[in-house]
Amino acid sequence: TNDEIVSGNDENANIYRIFQNNPLHQTEILSPANSSIKSIFLYDSSGRKIREMKGREGENSYQLSTDNLSKGIYIIKILSTEGTIVSKKVLISNN
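Fair warning: this is a prediction, and the values are worked out from it, not measured in the lab. (Residues numbered from 1 in each chain as written. Predicted model: local features only at pLDDT ≥ 70, side-chain atom pairs only at ≥ 80, totals over all residues. Heavy atoms only, no water.)

A. Seen up close, the side chain of Thr66. Relative to the elements of secondary structure, Thr66 occurs in the loop between strand S6 (61-65) and strand S7 (72-80). The class of Thr66 is buried, set by a relative accessible area of 0%. Reaching out from Thr66, the side chain makes a polar contact with the side chain of Gln20 at a distance of 3.2 Å. Look past the residues within four positions of Thr66 in its chain and what remains in contact with it is Gln20, His25, Gln26, Thr27, Arg51, Ile92 and Asn94. (Helix = DSSP H or I, 4+ residues; strand = E, 2+ residues; numbered from the N terminus. Buried < 20%, exposed > 50% of the residue type's maximum accessible area, 1.4 Å probe, protein only. Polar contact = N/O pair within 3.5 Å; in protein donor to acceptor, adjacent residues only side chain to side chain. Contact = heavy atoms within 4.5 Å.)

Structure (structure tokens):
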């Protein structure tokens, strides 16, 4: 399978909405109605995988806990069931 990498600047990245909610210590991820998420990964700035969440059929809203993470820039990587990969940076401060 050819995986397509979509950067945060690409118009296709806007299909997936990613919000860091620092007061609730979580990242909120919304997928489009026409796409299903297979897996969501959270990486630190050195590329180490911190969290992993499996997608659920029919679900388009996910909350990924950022509790106990140090302040910094992290990478959210979304793998769709169609094989598309979307990566986006998020700033986590948990204030």
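B. Summary view of the nonpolar core. In terms of nonpolar packing, the biggest core is built from 16 residues, with Ile29, Ile37, Ile40, Ile76 and Ile78 touching the most fellow members. For this core, the secondary-structure elements that each account for two or more residues are strand S4 (37-43), S6, S7 and strand S8 (84-92). Excluding its chain neighbours within four sequence positions, the residues that come into contact with Ile78 are Tyr16, Ile18, Ile29, Ile37, Ser39, Thr84, Ile85 and Val86. (Core = buried A, V, L, I, M, F, W, Y, C linked by side-chain atoms within 4.5 Å.)

C. Highlighting the environment of Ser93. Take Ser93: it is sitting in the segment after S8. In this structure, the C-alpha to C-alpha distance between Ser93 and Gly72, residues 21 residues apart in sequence, is 6.6 Å. Apart from the residues lying within four places of it in its own chain, the contact partners of Ser93 are Asn22 and Lys71.

D. Inspection of the packing of aromatic side chains at higher detail. One pass over the full model with this rule turns up 1 aromatic pair. Judged by centre distance (6.2 Å) and plane angle (35 degrees), the rings of Phe41 and Tyr43 are tilted. (Phe/Tyr/Trp six-rings, centres within 6.5 Å; stacked < 30°, edge-to-face > 60°.)

E. Here's a closer look at the confidence of the model for the chain. The predicted model of the chain averages 84 in pLDDT, with 84% of residues at 70 or higher. In this model, residues 1-10 is a region of pLDDT below 50 whose contacts with residues beyond four sequence positions or in other chains number 17 contacts. (pLDDT = per-residue confidence, 0-100.)

F. Structural view of the sheet that holds strand S2 (residues 17-21). Judged by pairing direction, the sheet is antiparallel, and its 3 strands sit side by side in the order S2-S3-S6 without closing on themselves. Looking at which strands have only one partner, the edges of the open sheet turn out to be S2 and S6. Taken over all neighbouring pairs, the strand axes of this sheet differ in orientation by 20 degrees on average, direction set aside. One ladder, built from 5 bridges, connects S2 with strand S3 (residues 26-30); its direction is antiparallel. Across the sheet, residue Ile18 finds its bridge partner in S3, namely Ile29. (Pairing = 2+ DSSP bridges. Axes fitted to C-alpha atoms, helices over the stretch in contact; angles between N-to-C directions.)

G. Spotlight on unusual backbone geometry. With a phi angle near 55 degrees, His25 is a residue other than glycine that sits in the positive phi range. With respect to the secondary-structure elements, His25 resides in the loop between S2 and S3. Of note in this structure, Asn68 is not a glycine but carries a positive phi near 65 degrees. Locating Asn68 in the fold gives a position in the loop between S6 and S7.

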